[in-house]
Structure formats: structure tokens, C-alpha cells
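# Examining the three-dimensional arrangement
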Amino acid sequence: MELHLASAAGNVFGYLWAEEAKGCSGEDYAKLLCPRGHGFGLDGFFLMQRPESGRWILEHWDTDGSKSFCSNGSRAALAIPGAPVEPLVEVISSGERILLRRDGKDIGIRMPEGEGFGLRDVPMATAEPAGFGWIGNPQLVLRVPSVAAVDLPTLAPPLRHHPAVPDGTNVNVIEVIAPGEARIRSWERGVEGETLCCGTGSAVAAAWLMRTEGVSSWRLHTAGGETVKVELALDANGEWRDLWLSGPVRRLGIVHPDPSLLLELRGR
């Protein structure tokens, strides 16, 4: 089995063509291949349909086996050999309709939009100024004086599991350092920890900052040291359109899981 690896904004994802899954589920592959220690330390796992006419289909699972929409992993999929080569690619990623765009070394993703997507009322009380949005997953954004000073493993879990959001939420902290420029750190459900960059969290953070600061283009400095750019238009109700997140992606290569891992998978 050939497991392709690619990264976006510091997060590393594994990709497998769907016909090579050999009857095993994406959930099982994610639980086995992603975790550090007995797996490859991946941030998520994708099954990919072979490109055909119409939209390209991707499915993503988090490290705990839960299925979710992942924007950085969707961007990095374009680095995999056999991916569509057009400058603009229509994609259905974990059920969400998106566009992927090649722009030099960068890959951009137009986030899901339309009815149901956008900023919403913050569902719980917070000590910090906060925003909340739905972008195929829920995102809570907290503005803090310094992201480096935040004890995220203490702050995030109670909010991630807050009863006001029955399925839980991702938690992002942001620090504005200049007009159109901010630092961000993210705690992701499904991973149950801090990641180097949550693409969907960055997108919602930029949308909320547009509402509060009046700036429609943001450079976000992520925990992994890379910078992502977010541009959007936002209406008075908090619904966005043409919300693009872009940044570099890297093809990392191919690994061949040891046969013992595959035997363990098929024994589940």
C-alpha cells in the first residue's frame, strides 16, 4: 500500500486512493495510521476518488476516527501525484463544496459558503472578546493580548466541550499585531490538542476580524511558523462569500506501512 504524505501550514496528512483501501474504512485507517507512537504522527487521513469529470471527491478523518471537513488537508491534496492539474479545481471534500486554486507556489481554498455558513452568535459566555462561526465545523475565536502567553491546554478543553455546543467546537486564540495582521493558535476537536494551523479556524478568525476591524484581507502567523492569507467579503448578517485561504503546500513523499500494521487493521 502506498500512503502519500503532504503538508499545508505545518500540518501533515496521509492520502490513499479509495480503490486501494481494500475494504477497510477511513475511520480505521485514521485510528491506526495517524497517532504518534504506533502510527505516523499525522494530523489527518484522506481517501481520494480518482479524478473524473465533475467535482473531485475527498473524504477526511481526524486522528480519533471522526469524520470532518479539513481545509488544510484539502489544499495539500493537490500536491499528490494523480491529483487534478487544472488551475481551478471543483471539489467535494467531506460533503462540502469548495474550490482549490493554484497560484504559483501557493494553493488556495475557497471555503464553503451559502445558507448556514457564516458568523453566528457566540453560544457561551467568555472572559475574552469572542466570535463564533460555522464553516463545515464550529469555530470559537477568542481575542487575547498575547497568544504566546495563553495556556491553551488549560483554556481550550472546557470550551471545546462546552454544553452549549453539543458536538463540541474548535477553539482559536488570536492576537492582532497590525492592521490586517495577527497571530493565531488553535485547539482542534478530533485531534484533541493544539495543531500548527487550523485552516477553518483561521478563516473564521479572519471573518470575525473583518467584522470587528473592518479589514477584509488578513495575514495570519500560525503556530508552525508559516503564514496563511485570508481574503473575503462579508455581509451584514455575517455570511461570507469568496472566502479564500491560501498558502504553500508541500509534497513529502510516499511511505509503505509495515505489513504488520495492515494485518492489525484487517483484524479489527
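Structure: above.
Computed from a predicted structure; not experimentally measured.

## Side note on the pattern of salt bridges
- Using the criterion set out here, one finds 11 salt bridges in the structure.
- Arginine 183 is the salt-bridge partner of glutamate 175, the closest N and O atoms lying 3.0 Å from each other.
- Looking at glutamate 175, the relative accessible area reads 12%, which means it is buried.
- Look at arginine 183 and you get partly exposed, because its relative accessible area is 37%.
- Across the pair lysine 229 and glutamate 231 runs a salt bridge whose closest N-O atoms are separated by 3.7 Å.
- Judged by relative accessible area, lysine 229 falls into the partly exposed class, the value being 36%.

## So, empty space enclosed by the protein
- Across all of its chains, the model carries 1 cavity of 30 Å³ or more by this definition.
- As a volume, the largest cavity reaches approximately 180 Å³.
- As for the largest cavity, its lining consists of 20 residues, of which Asp62, Phe69, Cys70, Glu188 and Cys198 are closest to the centre.
- Contributing elements (two or more residues each) for the lining of the largest cavity: strand 2 (11-17), helix 2 (71-76) and helix 4 (199-213).
- For the lining of the largest cavity, a count of residues per class yields 6 nonpolar, 10 polar and 4 charged.

Analysis parameters
Residues numbered from 1 in each chain as written. Predicted model: local features only at pLDDT ≥ 70, side-chain atom pairs only at ≥ 80, totals over all residues. Heavy atoms only, no water. Salt bridge = Lys/Arg side-chain N within 4 Å of Asp/Glu carboxyl O. Buried < 20%, exposed > 50% of the residue type's maximum accessible area, 1.4 Å probe, protein only. 1 Å grid on protein atoms, 1.4 Å probe; cavity = no way out; pocket = protein on both sides within 12 Å on 5 of 7 lines; lining within 4 Å. Points joined across faces, edges and corners; volume = space filled by probe spheres on them. Helix = DSSP H or I, 4+ residues; strand = E, 2+ residues; numbered from the N terminus. Nonpolar A, V, L, I, M, F, W, Y, C, P; charged D, E, K, R; others polar.

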